[in-house]
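Inside the fold
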Amino acid sequence: MSERDPDAPKDLKQRYKTAKQKMPEQEALERIRNFHEVPLGFPTEVAPTEAYRCIWCKDPTCVGGCPVGIDIPAFVHLVEKGDFLGAIRKIKETNVLPAICGRVCPQEDQCEKVCKIGQKKGMGPVSIGRLERFLADWERSQGLVEIPECAPPTGKKVAVVGSGPAGLTCACDLARRGHCVTILEALHKPGGVLVYGIPEFRLPKSIVQAEVEVLRRMGVEIRCNFVVGLTATVDDLLKEYDAVFLGVGAGLPYFMDIPGENLCGIYSANEYLTRVNLMRAYDFPDADTPSARSRKVAVVGGGNVAMDSARTALRLGADEVSLIYRRSKVELPARHEEVERAEEEGVVFRLLENPVRYVGDDDGRVTAVECLKMELGEPDASGRRRPVPVKGSEHLIEVDTVVVAIGNGPNPLVTRVTPEIETRKGGNIVAKETDGRTSKRGVFAGGDIVTGAATVILAMGAGRSAAASIHEYLQTGTW
Amino acid sequence: MGTSTTEGRSPSCADLPATSGGFTIVEKQELAPKVTRYVVRAPDVARTRRAGQFVIVRVRDGGERIPLTIADADAAKGTITLVVQEVGKTTAWMASLEQGEALADVVGPLGRPTHIEKWGTVVCIGGGIGIAPSHPIVQAMRAAGNRVVAILGARTKDLLIMEDEMRRAADEVLVCTDDGSYGRKALVTGVLETFVAEHGKPDLVVAIGPPIMMKFVCKTTAPHSIPTVVSLNPVMVDGTGMCGGCRVTVGGKTKFVCVDGPEFDGHSVDFDEMMRRSRFYAAQEKESFDRWRKARGEDGGGP
Ligand SMILES: Cc1cc2nc3c(=O)[nH]c(=O)nc-3n(C[C@H](O)[C@H](O)[C@H](O)COP(=O)(O)OP(=O)(O)OC[C@H]3O[C@@H](n4cnc5c(N)ncnc54)[C@H](O)[C@@H]3O)c2cc1C
Ligand SMILES: Cc1cc2nc3c(=O)[nH]c(=O)nc-3n(C[C@H](O)[C@H](O)[C@H](O)COP(=O)(O)OP(=O)(O)OC[C@H]3O[C@@H](n4cnc5c(N)ncnc54)[C@H](O)[C@@H]3O)c2cc1C
Ligand code: SF4
Ligand code: SF4
Ligand code: FES
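Residues numbered from 1 in each chain as written. Chains lettered and ligands numbered in written order. Predicted model: local features only at pLDDT ≥ 70, side-chain atom pairs only at ≥ 80, totals over all residues. Heavy atoms only, no water.

What follows deals with the interface of chain A and chain B. Each side of the interface is counted separately: chain A has 59 residues, and chain B has 60 residues. In total, chain A and chain B occlude about 4,900 Å² of area from one another, counting both sides; carbon and sulfur atoms represent 52% of this. When the buried area of chain A at its contact with chain B is split by residue, A:Arg223, A:Asn262 and A:Asp288 rank highest and sum to 15% of it. Applying the counting rule to chain A against chain B returns four salt bridges. With its nearest N and O atoms 3.1 Å apart, the salt bridge here joins A:Arg293 to B:Glu287. Summed over the shared surface of chain A and chain B, the result is 26 residue pairs in polar contact (both at pLDDT 80 or more). When residues of the side of chain A that touches chain B are traced back to their parent elements, those giving at least two are strand S2 (180-184), strand S3 (221-223), helix H13 (234-240), strand S5 (252-253), strand S6 (266-268) and helix H14 (269-276) of chain A. Broken down by element, the residue count for the side of chain A that touches chain B peaks at four residues, all from H14(A). Class assignment of the residues belonging to the side of chain A that touches chain B gives a composition of 27 nonpolar, 15 polar and 17 charged. (Contact = heavy atoms within 4.5 Å. Buried area = accessible area lost by both parts, 1.4 Å probe. Salt bridge = Lys/Arg side-chain N within 4 Å of Asp/Glu carboxyl O. Polar contact = N/O pair within 3.5 Å; in protein donor to acceptor, adjacent residues only side chain to side chain. Helix = DSSP H or I, 4+ residues; strand = E, 2+ residues; numbered from the N terminus. Nonpolar A, V, L, I, M, F, W, Y, C, P; charged D, E, K, R; others polar.)

A separate point is the site of ligand 1. Residue and element names in this part refer to chain A. Surrounding ligand 1, one finds 34 residues, the nearest of these being Val104, Glu185, Arg202, Val228 and Asp448. A distance of 3.2 Å separates an oxygen atom of ligand 1 from a polar backbone atom of Ala454. Expressed as a share of its isolated accessible area of 1,000 Å², the protein-covered part of ligand 1 is 94%. Counting only elements with at least two residues in the shell around ligand 1, the list comes to helix H10 (165-176), helix H15 (304-315) and helix H18 (456-476). Ranked by residue count, the leading element in the shell around ligand 1 is H15, at three residues. Grouping the amino acids of the shell around ligand 1 by side-chain chemistry returns 20 nonpolar, ten polar and four charged. Counting only domains with at least three residues in the shell around ligand 1, you end up with domain 2 (157-251 + 410-476) and domain 3 (255-406). (Near = heavy atom within 4 Å. Areas by Shrake-Rupley, 256 points an atom, 1.4 Å probe, with all protein chains shown as cover. Domains from an automatic or database assignment.)

A word on the packing of aromatic side chains. Here the structure, examined in full by the defined rule, presents ten aromatic pairs over all chains. Ring centres 4.6 Å apart and planes at 20° place the aromatic pair A:Phe35 and A:Tyr282 in the stacked group. Taken together, the residues span a long stretch of sequence, with A:Phe35 in the loop between helix H2 (28-31) and helix H3 (47-51) and A:Tyr282 in the loop between H14 and strand S7 (296-300) at a distance of 247 residues. You can call A:Phe35 buried: its relative accessible area is 10%. Under the relative-accessibility criterion, A:Tyr282 is labelled partly exposed at 32%. Stacked on the ring of A:Trp479, the Lys or Arg A:Arg437 has its end atom at 4.7 Å from the ring centre. The side chain of B:Arg293 reaches across the aromatic face of B:Phe289, ending 3.9 Å from its centre. (Phe/Tyr/Trp six-rings, centres within 6.5 Å; stacked < 30°, edge-to-face > 60°. Buried < 20%, exposed > 50% of the residue type's maximum accessible area, 1.4 Å probe, protein only. Lys NZ or Arg CZ within 6 Å of the ring centre and 35° of its normal.)

A word on unusual backbone geometry. A cis amide bond links B:Gly108 with the next residue in sequence, B:Pro109, at an omega value of -5°. Going from B:Gly261 to B:Pro262, the amide bond is cis rather than trans, its omega being 10°. Relative to the helices and strands, B:Pro262 resides in the loop between helix H8 (257-260) and strand S17 (263-265). For A:Trp56, which is not glycine, the phi torsion reads 55° and is therefore positive. Examined against the element boundaries, A:Trp56 turns out to sit in the loop between H3 and helix H4 (61-65). If you check the backbone angles, A:Arg280 has positive phi at about 60° while not being a glycine. Relative to the helices and strands, A:Arg280 resides in the loop between H14 and S7. When its relative accessible area of 25% is taken as the criterion, A:Arg280 is described as partly exposed.

As structure tokens, then:
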């Protein structure tokens, strides 16, 4: 923080008067006909104006709101001065994937939630995430992305399993420290949820590709089509590598276990999104993988995954997309921004409803979902009011496609053949929060496989702290 | 892992190639009309695969991921054998590749291996293309000390594959064709009935073939209470348990075939549901195949 200008600026009034800058985006009617990114990013001349809204707090609360503790004021001040290169380098000291976090971090619950001017009546917080995104895009478009320097080779080898944000970050930090890193990925493309789950219109795949390219140029080997637990076990890996990091994510889709759930036309969100994102079903028949041609789609759930599925269904040409969620609007766990966009695009929110069974035709295709109306009762363990079904409120909603987006659990492929790795009841791996050590010597874990489905930035943070502790383990050999 | 040592890569990481790749077709042979045997370089898979497991293949970028059973493997040579029937675009596209060309992706071995133990007498039924995946199971069951009887069924003589291999692997081979052009004129279920009538109940039946065949094998064995294992083939995407597209109902419970199977107790499987799910994309599959054939100057209409 020492590089930050110590004195509070004298033009506070002027700063307060500066309006929060708008980020241009594609119009709703236009964007539902394409898969291009919705928000277009700050224009170059707008970014410093937005940065000017920062009041240079003596005690900048924003930093505490960022799970990886980016020195937010420092980079914002550099943007204000027009030193974009300095600003992006500042961010990259702590966050190696700013183009991604600037887009998908739930900023309104993190850094921007605690930004001081956001606390003032009628004032929005500094658009920290949007500035971060702006800088990362600017750096890339100017061809200024630097390949991080790597320390001289240590001769130690580490296998990083999974190429989501946890694995990518861990690999990057280990390579910087001079270790030889191999990423092993089950799918044919690296990126984890960033490529198979989060849609193109929220996170263009070219951005993930560019980040992966940086890793390759740092000398990280990326081997796709390698399923740890089947192609090789963790014990096999430990014969060849000095340490193993498990960043295998939460990739096991939950279903509700209600009658008719295996009818044709009912998908898990993972399948629906994988077909469209990873396999490019939106490009069928130019790409080979099909997805349902739907008219009426219902998405069950209320998180980011549900919003992504609903908005994807619209873009694939569905006439009507509704979202069925058992609580009320305030409890929707998705990012506010995404809920708003989904509404603008025409997604119908069926709040306080819950599916109880599916109805199908003679070909076994889903034709309707039967729902119950819900009321909110007493708060449950999560502090949210518990939804209670209203007796006799059964009603049918006509559908031809359903996407179940009620959450994901840990995939047991690795742990079922590695019993020495301790897991919790639901199957998540037990790892020390501070350093990612598991109960098996030489094996570390982090990201969704440890925390359960969480966020990109938390997975990155876990990858980073695991890298630090792997480094220490490789140096000292103590467990 | 494996590849780095078998290929003598240096342990310093900078000079490693970026991806594993290199799934070259080292051998290609037509076994019957529209049925091709491929020997593909996939050392990691060859090293660890066991009977009953499969791989997922992508022919080229933009292509679909399709599951194919590992019919054989040679760990020393680092190759696996696939026997594939052309039924649509992806399988026909694969057949258009020449020896020496490479597949974009091969991942595996996926699924749980066949449960091999000494049962006594095991009847392995292979129908059509299902003969290929039965072969490693026959070998493994025999190696475990079972008496293995193989029943091979095909629509017609030309479509019968791997008879010689099966004769080498099994204690006894019974052949039937739908049209009687070779072996007995019967369905595999008829041959099975006769076998049971003449020799008594086998201790286990393993059936691999079209879903409809497996369904009727189970209908045949159920009244005799003969334990029956089937290998299911629903539509898959990832093959690692991530998507749930391959789910089937077994004993009233939902199972993911790619990780819980592909083999299940046939008497508990809801075959009708699985067959309906398999047909779900029929219109798009046809569109895709027709378009591909047209682009190659073949008749797009097709049967
Ligand atoms: C549709 C969707 C939208 C989301 N939106 C947001 C958002 O807006 N903001 C946000 O912060 N978070 C969001 N999330 C959550 C976020 O993406 C995850 O928390 C994050 O990706 C977890 O990172 P990870 O590295 O732990 O795992 P993942 O990203 O899940 O990556 C794990 C990787 O490991 C691979 N793998 C698994 N098993 C094996 C194995 N046995 N061998 C080899 N490889 C294996 C997988 O194929 C995968 O590539 C979203 C999630 C989804 C599904
Ligand atoms: C575990 C398993 C093992 C298999 N082993 C073999 C084998 O050893 N040899 C062999 O010839 N075939 C095997 N199959 C079937 C093979 O996967 C399909 O024939 C192939 O996917 C057809 O693709 P296509 O594009 O050529 O045809 P399409 O025209 O796309 O489809 C024809 C039919 O194949 C099935 N199918 C289509 N896409 C998929 C998919 N992604 N996954 C699964 N099935 C699909 C559908 O039932 C469809 O109606 C296996 C399937 C499974 C699930
Ligand atoms: S990484 Fe996320 S939380 Fe941290 S500053 Fe950036 S947008 Fe905010
Ligand atoms: S809390 Fe807000 S206003 Fe204060 S330093 Fe951080 S970004 Fe600037
Ligand atoms: S193919 Fe996706 S879970 Fe089985």
